Amino acid sequence: MSLSAGFVPDPVTVELYSGGGNQASDLGRSCVGTVGISPDVVLNFSSAGGRLAIGVLAGTDTSLVINGPDGRFYCNDDNSGLNPGLVWGRAPSGQYDIWVGAVGDAGPATLVITEGSLDY
């Protein structure tokens, strides 16, 4: 998916299924849960230097793993309750590889991409 700063609608949501057969810690040491081999979503983002927030809403415990444009892995678990989220105050342009992990049971999940706040 490709988005540019000021995208509408905001937020963009993607329905998916959390988890997979691989340990998230294999991607980033501080990452938790299980993830698929390939990213669930590949986001190409053209930034104007502003905010970008990516989060997950689910009825099960999920984690979030993102390989950012700088090549670093960013991980979060339980940002708000059992829902993970990551925020860049000055998001760089480039490719964001996004995995939604399962901490325990896998299940349906909604990936949320916004330039605003993650309102859980």
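Here's what I pulled together on the structure shown here.

Conventions and cut-offs
- Residues numbered from 1 in each chain as written.
- Predicted model: local features only at pLDDT ≥ 70, side-chain atom pairs only at ≥ 80, totals over all residues.
- Heavy atoms only, no water.
- Phe/Tyr/Trp six-rings, centres within 6.5 Å; stacked < 30°, edge-to-face > 60°.
- Helix = DSSP H or I, 4+ residues; strand = E, 2+ residues; numbered from the N terminus.
- Buried < 20%, exposed > 50% of the residue type's maximum accessible area, 1.4 Å probe, protein only.
- Pairing = 2+ DSSP bridges.
- Axes fitted to C-alpha atoms, helices over the stretch in contact; angles between N-to-C directions.
- Polar contact = N/O pair within 3.5 Å; in protein donor to acceptor, adjacent residues only side chain to side chain.
- Contact = heavy atoms within 4.5 Å.
- Core = buried A, V, L, I, M, F, W, Y, C linked by side-chain atoms within 4.5 Å.

**Comments concerning the packing of aromatic side chains**
For any two aromatic rings, the description comes down to two numbers: the centre-to-centre distance and the angle of the planes.
Turning to step 1, where the next piece is worked out: A full pass over the atoms with the stated rule returns five aromatic pairs.
Turning to step 2, where the next piece is worked out: When the ring of F7 is compared with that of F45, the centres are 6.4 Å apart and the planes differ by 85 degrees; the resulting orientation is edge-to-face. Placement of F7 in the loop between strand 1 (2–4) and strand 2 (12–17) and of F45 in strand 5 (residues 41–46) is noted, with a sequence separation of 38 residues between them. Considered together, F7 and F45 belong to a single accessibility category, that of buried residues.
Turning to step 3, where the next piece is worked out: Considering the side-chain rings of W88 and Y96, the 5.3 Å spacing of their centres and the 80 degrees angle between planes classify their relative orientation as edge-to-face. Both residues of the pair, W88 and Y96, count as buried.
Turning to step 4, where the next piece is worked out: Site record: aromatic cluster; members linked through ring pairs are F7, F45, Y74, W88 and Y96.

**Description of the sheet that holds strand 6 (residues 52–58)**
Turning to step 1, where the next piece is worked out: What the four strands build is an open sheet, ordered 2-11-6-9; its pairing is antiparallel. What marks the edges here is a single partner per strand, and that holds for strand 2 and strand 9 (85–88). Averaged over all pairs of adjacent strands, the angle between strand axes in this sheet comes to 15 degrees, irrespective of strand direction.
Turning to step 2, where the next piece is worked out: Here strand 6 pairs with strand 9 via four bridges, running antiparallel. Considered in strand 9, the bridge of L52 is made with W88.

**Brief notes about the side chain of S47**
Turning to step 1, where the next piece is worked out: Mapped onto the fold, S47 is located in the loop between strand 5 and strand 6.
Turning to step 2, where the next piece is worked out: A distance of 2.7 Å separates the side chain of S47 from the backbone nitrogen of G49, its partner in a polar contact.
Turning to step 3, where the next piece is worked out: Excluding residues within four positions of it along the chain, S47 makes contact with A5, A91, P92 and S93.

**Some points on the nonpolar core**
Turning to step 1, where the next piece is worked out: Core analysis: the biggest nonpolar cluster contains 23 residues, and L43, I54, L64, Y96, I98, L111 and I113 have the highest contact counts within it.
Turning to step 2, where the next piece is worked out: Discounting chain neighbours no more than four positions away, the residues touching L111 are V12, T13, V14, L16, V41, I54, G55, V56, L64, I98 and V100.
Turning to step 3, where the next piece is worked out: Among the nonpolar cores identified, the runner-up in size contains five residues, and A24, C31, V35 and W99 belong to it.

**Comments concerning the environment of T110**
Turning to step 1, where the next piece is worked out: Residue position: T110 is located in strand 11 (residues 108–114).
Turning to step 2, where the next piece is worked out: It is 17 Å that separates the C-alpha atoms of T110 and T34, two residues lying 76 residues apart in sequence.
Turning to step 3, where the next piece is worked out: Ignoring any residue separated from it by four or fewer positions in sequence, one finds T110 in contact with T13, V14, E15, G55, V56 and L57.
Turning to step 4, where the next piece is worked out: One polar contact links T110 to E15, side chain to side chain, over a distance of 2.9 Å.

Purely geometric numbers; function is a separate question.
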